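Listed below, chain by chain, are the residues.
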Amino acid sequence: ISITELDTITLSDVRTQNGTITVVAGGTIMATLVSTSATDNGLNTIRLTSTSGDIVVGLIDAGSANDVVLTATSGAVIDDADTATDLVADRLTVIAGADIRIDTAVKTVTLSSTGTGVISIDELDDLEIDRFVIPQGDGEITAKAGSVRLVGDLIARNVRVTAGEFVIDYLKTS
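Basis of the calculations
- Residues numbered from 1 in each chain as written.
- Predicted model: local features only at pLDDT ≥ 70, side-chain atom pairs only at ≥ 80, totals over all residues.
- Heavy atoms only, no water.
- Helix = DSSP H or I, 4+ residues; strand = E, 2+ residues; numbered from the N terminus.
- Rg over C-alpha atoms; globule rule 2.2 N^0.38 Å.
- Buried < 20%, exposed > 50% of the residue type's maximum accessible area, 1.4 Å probe, protein only.
- Contact = heavy atoms within 4.5 Å.
- Polar contact = N/O pair within 3.5 Å; in protein donor to acceptor, adjacent residues only side chain to side chain.

To continue, consider the overall build of the protein chain. When helices and strands are counted, the protein chain shows zero helices and 17 strands. Radius of gyration (C-alpha) of the protein chain: 15 Å, near the 16 Å computed for a compact globule of 174 residues. For the protein chain, the C-alpha atoms occupy an extent of roughly 40 × 30 × 25 Å along the three principal directions. A total of 174 residues make up the protein chain; the buried ones form 48% of that total. Taking as baseline every contact in the protein chain between residues at least 6 positions apart, the subset at least 24 positions apart corresponds to 21%.

Shown next, in the form of structure tokens:
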């Protein structure tokens, strides 16, 4: 499935049995339900890109083997303010121009914001961080029932980690 929208778009129920989902919008993307989890084979990536708005996540479910890439060039990537897990994937990559605030059930994350706000990730279990970058802001990482393993860059003014265990395999600071 490939969708291009010039303005804001609401993805109320977008699912594939087997295949990728790619959405590019000129405004905010409201991702109420987006799923490629029916065929959880590592090949069915979900890609959402907003060129001038936010991405608001209700539920994005790529399963445990597929990946998700969210890009909000000048906006934020945020959840819908409920307490449920908003994003399920093997690997999550988020690039934003403002805040990143999301509840996840993923294995690995790469998070980068050029904004001055906050990156906040609330993970259901264990989490591996490839990259966590917000040079002008602060970070918060929570693993509710597991550990956090940093294997790449961590660049932020301040970062608070809440987890059963925090392991640093590699640390590059600036």
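Once the structure has been displayed, the description carries forward.
This paragraph deals with the side chain of Ser35. Examined against the element boundaries, Ser35 turns out to sit in strand S6 (residues 34-35). Judged by its relative accessible area of 9%, Ser35 is buried. At a separation of 3.0 Å, a polar atom in the side chain of Ser35 contacts the side chain of Ser37. A polar atom in the side chain of Ser35 sits 3.2 Å from the backbone oxygen of Asp61. What Ser35 contacts, discounting residues up to four positions off in sequence, is Val14, Arg15, Thr16, Ile21, Ile46 and Asp61.

Our next topic: the environment of Gly152. Assignment of secondary structure puts Gly152 in strand S16 (residues 147-162). Expressed as a C-alpha distance, the spacing of Gly152 and Ser52, which sit 100 residues apart in the sequence, is 28 Å.

Coordinates in, geometry out; function isn't part of it.
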